[in-house]
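Descriptive analysis of the structure
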Amino acid sequence: MRTDVLNSSSGSYGKGFELQNIEKIIVSEDGTASTFTKEIEVADSGKTYMVDISTNTVTMQLPAVAEAIGCTYKFVLSNASDNENAKSFGLMTAAAGEDVVGAVLVNGAHVEVTGSTLEIDASAAAATHGDWLSVFSDGEYWYCDGSVVTASALVVNAGLALAG
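Residues numbered from 1 in each chain as written. Predicted model: local features only at pLDDT ≥ 70, side-chain atom pairs only at ≥ 80, totals over all residues. Heavy atoms only, no water.

**Side note on the overall build of the protein**
Short version of the rule: Each helix is a run of H or I in the DSSP string that is no shorter than four residues. Each strand is a run of E no shorter than two, and both are numbered from the N terminus. With a 1.4 Å probe rolled over the protein chains alone, any residue whose accessible area is under 20% of its type maximum counts as buried; one over 50% counts as exposed, and the rest are partly exposed. Residue contacts are defined here by distance: any two heavy atoms, one from each residue, within 4.5 Å place the two residues in contact. Note on areas: Shrake-Rupley, 1.4 Å probe, and residue coverage restricted to the protein chains presented here.
Along the backbone of the protein there are one helix and 12 strands. Listing every helix and strand of the protein by position from the N terminus yields α-β-β-β-β-β-β-β-β-β-β-β-β. Relative to its full complement of 164 residues, the protein shows a buried share of 41%. Taking all contacts inside the protein whose residues are at least 6 apart in sequence as the whole, residues at least 24 apart take part in 75%. Counting every atom, the protein has about 8,200 Å² of accessible surface; 52% of that belongs to carbon and sulfur.

Given below as structure tokens:
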């Protein structure tokens, strides 16, 4: 078997796939509930966002739920975010009346989620690299799942506001 052909084609496939579906989010200033770090587009469906909150709070807004039927997005705190104690990650819907519902595994227990803002609050070094949230839309609601290591790290708000 020609290993040079196998190795060259295998490497190309892996790199192309990663570049299309993973986006690193590293920002130079804090995002807020009214000035988002990134407004996600329907065309971004299927992306995984590697979120770095090591120096700045990152806020991201989902597209309008009715326009995003079938869209999926995943958000993972990057290695640089480990044990962050001052900055946070906020994921918000397009309007206060649009809710994210579901359950997130938080410190070994499932926590029911219903609200317009999900926040991984880094106060007291609560953010951990690898903490993640995933959402998908059925056109009426955003459904979520995820895993957050520290019990106090997940904050759910009914409106479009950050706790931290």
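From this point, things continue past the structure.
**So, the environment of threonine 93**
Under the convention used in this document: Side-chain atoms alone can form a polar contact between residues adjacent in sequence; in general such a contact is a pair of N or O atoms within 3.5 Å, and within protein one must be able to donate a hydrogen while the other accepts it.
Counting through the fold element by element, threonine 93 comes out in the loop between β6 (89-92) and β7 (100-106). Separated by 33 residues in the primary sequence, threonine 93 and methionine 60 place their C-alpha atoms 8.6 Å from one another. Contact partners of threonine 93, with chain neighbours within four places excluded, come to Gln61, Leu62, Glu98, Asp99, Val100, Ser116, Trp142 and Leu160. Separated by 3.0 Å, the side chain of threonine 93 and the backbone oxygen of glutamate 98 make a polar contact.

**Points about the pattern of salt bridges**
What counts here: By convention in these notes, a salt bridge is any Lys or Arg side-chain nitrogen within 4 Å of a carboxyl oxygen on Asp or Glu.
Summed over all chains, the structure comprises four salt bridges. One salt bridge connects lysine 38 with glutamate 23, and the closest N-O pair in it is separated by 3.5 Å. Of this pair, lysine 38 sits in strand β2 (residues 38-39) while glutamate 23 sits in strand β1 (residues 22-25), and the two are 15 residues apart along the sequence. The partner of lysine 47 in a salt bridge is glutamate 23, with the nearest N and O atoms 2.9 Å apart. With a gap of 24 residues between them, lysine 47 in the loop between β2 and β3 (48-51) and glutamate 23 in strand β1 connect regions that are remote in the sequence. Taken as a pair, lysine 47 and glutamate 23 share a single burial class, namely buried. Three or more residues joined by partner-sharing salt bridges are found here, namely Glu23, Lys38, Asp44 and Lys47.

**Observations regarding the nonpolar core**
In a soluble, globular protein the nonpolar side chains are often hidden away together inside. Put simply, the test is: Here, nonpolar core means buried Ala, Val, Leu, Ile, Met, Phe, Trp, Tyr and Cys residues that are tied together by side-chain atoms lying within 4.5 Å of each other.
Met60, Tyr73, Phe75, Phe89, Val135 and Trp142 are the most contacted members of the largest nonpolar core, which totals 33 residues. Apart from the residues lying within four places of it in its own chain, the contact partners of phenylalanine 75 are Ile40, Tyr49, Met60, Leu62, Phe89, Leu91, Asp131, Trp132, Leu133 and Val135.

**Description of the sheet that holds strand β11 (residues 142-148)**
Sheet strands associate in pairs through backbone hydrogen bonding, adopting either a parallel or an antiparallel arrangement. Rules: Each pair of strands is called paired provided DSSP finds at least two bridges between the two strands. Inter-axis angles, ranging from 0 to 180 degrees, are taken between N-to-C directions of lines fitted to C-alpha atoms, where helices are fitted over the stretch in contact.
Ordered by their spatial adjacency, seven strands build an open sheet running β1-β3-β5-β10-β11-β7-β8, and the pairing between neighbours is mixed. Pairing within the sheet leaves two strands with one partner each, and these edge strands are β1 and β8 (109-115). When the angles between neighbouring strand axes are averaged without regard to direction, this sheet yields 15°. Relative to strand β5 (residues 72-77), β3 is paired through four bridges, and the arrangement is parallel. Bridging from a neighbouring strand, methionine 50 pairs with valine 76 of β5.

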